[in-house]
Structures are given as C-alpha cells and as structure tokens.
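Chain by chain, the residues run as shown.
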Amino acid sequence: MQTTLGILPVIVTRFPEDEDHAPLLVDPASARIVRADQVAAGDTILASFPDYGQSGMETAEYFNDQYQAHPMPYDPTCGCGSCFNLADHDGPVINLGDTNHWNACDPWAAHELVLVVPAHRI
C-alpha cells in the first residue's frame, strides 16, 4: 500500500513473515497511518515510521508483536525505563500505555507516525 502524508510519500510494506515476527491477529487491510496523538484506546499498533521526513520514501518498521494501545498521561519521571527517553523532547509526548509486551510505558512524540488497525475496525 502506498499513500501520501503531506507531500512525502510513505510505503506500507507487507507484514514480515519470518521467525522474528508474530503472525498478525488482525486484518492488515484495515490498517491506517495516524499520528501518535490520534491513536485511540484499543487500536492495534503494528509499525512505526522512524525515519519519516528524513529521506524521500519512508517504509514501515514492523514490531515483533502487535499490541493494543491504552493511552495514559505521559510522566517523564515515572521510572518505567522508557519515559525518560523523551524527557527532553521539545514537543508534546504521548504515552500509548503500559499494557504491552514490555510492561513499560510506550512514549511517542505526538507527531510520529504509527500504523494501526483502529479498534472500531477489529
């Protein structure tokens, strides 16, 4: 799937089917690209676009396992081991929850792109 965000094209590659990635538990045809601040509770997070805006064509970087978002307030001092990574970020930070495979918070810069299957489509 190829789409355009602003003026930069983005490629959503086929989900990897190797030993490092769990099989998808949701229909990837329902996947959408949203900003981290648009991720809703129950959305299934599939991938990030870590280099968005740094090169000409961006590709999805899939996570080893998909997981559900459960947004909660961001606290850079919570002590989870993840939140301090964005404590010096200039803009708003979104915490997509701590009910994931890592049992730690999941902070994202609000403008970062996320590939999700919306909860209302599951």
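This text follows the structure it describes.
From a predicted model like this one, the values you see are computed outputs, not experimental measurements. (Residues numbered from 1 in each chain as written. Predicted model: local features only at pLDDT ≥ 70, side-chain atom pairs only at ≥ 80, totals over all residues. Heavy atoms only, no water.)

Focus: the overall build of the protein chain
Rules: Helix numbers and strand numbers start at the N terminus; a helix is a DSSP run of H or I with at least 4 residues, a strand a run of E with at least 2. Each residue gets one of three labels from its accessible area relative to the maximum for its type: buried under 20%, exposed over 50%, partly exposed in between, using a 1.4 Å probe on protein chains only. Only heavy atoms enter the contact rule, under which two residues are in contact if any of them lie within 4.5 Å. In these tables, accessible area is a Shrake-Rupley quantity obtained with a 1.4 Å probe, and a residue counts as shielded only by the protein chains included in the view.
From N to C terminus, the protein chain includes zero helices and nine strands. Helices and strands appear in the protein chain in the N-to-C order β-β-β-β-β-β-β-β-β. Residues classed as buried in the protein chain amount to 39% of the 122 residues present. Counting contacts in the protein chain only where the partners sit at least 6 residues apart, residues at least 24 apart contribute 64% of the total. Accessible surface, the protein chain as shown: approximately 7,000 Å² in total, 51% of it carbon and sulfur.

What to know about the pairing of strand E9 (residues 113–117)
Keep this limit in mind: Only strands that DSSP links by at least two bridges are regarded as paired with each other.
A large share of E9 lies buried, amounting to five of its five residues. Both faces of E9 are covered, namely the face carrying Leu113, Leu115 and Val117 and the face carrying Val114 and Val116. In terms of strand pairing, strand E3 (residues 32–35) meets E9 through four bridges, oriented antiparallel. Directly across from Arg32, in E9, lies its bridge partner Val116. Across four bridges, the pairing between strand E4 (residues 44–48) and E9 is antiparallel. Residue pairing across strands places Thr44 opposite Val117, the latter belonging to E9.

Focus on the pattern of salt bridges
Rules: By salt bridge we mean one thing: a side-chain nitrogen of Lys or Arg within 4 Å of a carboxyl oxygen of Asp or Glu.
Tallied over the entire structure, the rule returns one salt bridge. As a salt-bridge pair, Arg35 and Asp37 come within 2.9 Å of each other at their nearest N and O atoms. For Arg35, a relative accessible area of 34% translates into the label partly exposed.

Quick word on the environment of Leu86
Tracing the sequence through the fold places Leu86 in the loop between strand E6 (61–68) and strand E7 (93–95). C-alpha of Leu86 to C-alpha of Asp75: the two residues are eleven residues apart in sequence and 9.9 Å apart in space. Other than its neighbours up to four places away in sequence, Leu86 contacts Tyr74, Val93, Pro107, Trp108 and Ala109.

Structural notes on the sheet that holds E6
Formally: Between the N-to-C directions of two axes lies an angle of 0 to 180 degrees, each axis being a line fitted to C-alpha atoms and, for a helix, fitted only over the stretch in contact.
Reading across from one edge, E3-E9-E4-E6 is the order of the four strands in this open sheet, with antiparallel pairing throughout. Two strands in the sheet have a free side with no partner beyond their single neighbour: E3 and E6. The mean inter-strand angle of the sheet, taken between neighbouring strand axes irrespective of direction, is 35°.

Let's talk about the nonpolar core
The following threshold applies: The nonpolar core is taken to be a set of buried Ala, Val, Leu, Ile, Met, Phe, Trp, Tyr and Cys residues, with the residues joined through side-chain atoms within 4.5 Å.
One finds Val34, Ala36, Val39, Ile45, Phe63, Tyr67, Ala69, Leu96, Trp108, Val114 and Val116 forming the largest nonpolar core, which totals eleven residues. Of all the secondary structure elements, the ones that give two or more residues to this core are E6 and E9. Not counting the four nearest positions on each side in its chain, Tyr67 is found in contact with Asp43, Thr44, Ile45, Asn100, His101, Trp102, Asp106 and Trp108. Ala31, Leu46, Ala47 and Tyr62 belong to the second-largest nonpolar core, a separate cluster that totals ten residues.

Quick word on the environment of Gly42
Secondary-structure assignment places Gly42 in the loop between E3 and E4. Judged by its relative accessible area of 14%, Gly42 is buried. Separated by 25 residues in the primary sequence, Gly42 and Tyr67 have C-alpha atoms spaced 9.0 Å apart.

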